[in-house]
Amino acid sequence: MPRAASADLVPSVATMEPVLFLVRAALDRLVLTLVADGRAAATLAITLTLDDARGAFPGAAPAHTITREVRLAHPMARIVPLFERCRALLDRWPLSAPVCGVTVAVTATAPL
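On a predicted model such as this, the values are computed, not experimentally measured, just so you know.

A. Looking closely at the overall build of the chain. Helices and strands together make up the secondary structure of the chain, namely 2 helices and 4 strands. Taken from N to C terminus, the helices and strands of the chain fall in the order β-α-β-β-α-β. Residues classed as buried in the chain amount to 39% of the 112 residues present. Across the chain, the fraction of contacts at a sequence separation of at least 24, relative to all contacts at a separation of at least 6, is 79%.

This is how it looks when you write it as structure tokens:
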């Protein structure tokens, strides 16, 4: 079962710094639940919701989301190395519109 943590950004942001703050907070919560279940993260998915006016009106196209994965060579349940891998991914992620939401999900786990 995937575990996920989401947050909205109001107002939307055009830089990754606030997104990184939310990713770190999400990892704090997710790692606690993983450890409590005796699991470690094997794959993370980060989804950004972009504020490009999609989904703004009834009947409009759904909000524009982009998801990228962080696949780990070795499953882990430690916040700092998980965050560093997420930061490396986000540092290379060009934004085509401001970010209005972020979701971090653990999409695959392994025994701790």
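Back to the write-up after that little detour.
B. Examining the sheet that holds strand β2 (residues 39-50) more closely. In spatial order, the strands read β1-β4-β2-β3; together these 4 strands make up an open sheet with antiparallel pairing. The outermost strands of the open sheet, each flanked by one partner alone, are β1 (3-13) and β3 (64-76). Ignoring which end each strand starts from, the neighbouring axes of this sheet average 15 degrees apart. Inspection of the sheet shows β2 paired to β3 by 9 bridges, in the antiparallel sense. The residue bridging L48 from the neighbouring strand is I66, located in β3. Against the sheet, helix α2 (residues 79-91) contacts β2 and β3, and its axis sits at roughly 140 degrees relative to β3.

C. Main features of the side chain of T43. In this fold, T43 is placed in strand β2. Apart from the residues within four sequence positions on either side, T43 is in contact with E69, V70, R71, A105, V106, T107 and A108.

D. Region of interest: the packing of aromatic side chains. The tally for this structure, following the rule as stated, stands at 0 aromatic pairs. Just above the ring of F83 sits the side chain of R24; from NZ or CZ to the centre is 5.7 Å.

How each quantity is defined
Residues numbered from 1 in each chain as written. Predicted model: local features only at pLDDT ≥ 70, side-chain atom pairs only at ≥ 80, totals over all residues. Heavy atoms only, no water. Helix = DSSP H or I, 4+ residues; strand = E, 2+ residues; numbered from the N terminus. Buried < 20%, exposed > 50% of the residue type's maximum accessible area, 1.4 Å probe, protein only. Contact = heavy atoms within 4.5 Å. Pairing = 2+ DSSP bridges. Axes fitted to C-alpha atoms, helices over the stretch in contact; angles between N-to-C directions. Phe/Tyr/Trp six-rings, centres within 6.5 Å; stacked < 30°, edge-to-face > 60°. Lys NZ or Arg CZ within 6 Å of the ring centre and 35° of its normal.

Scope: geometric values only; no functional claims are made or implied.
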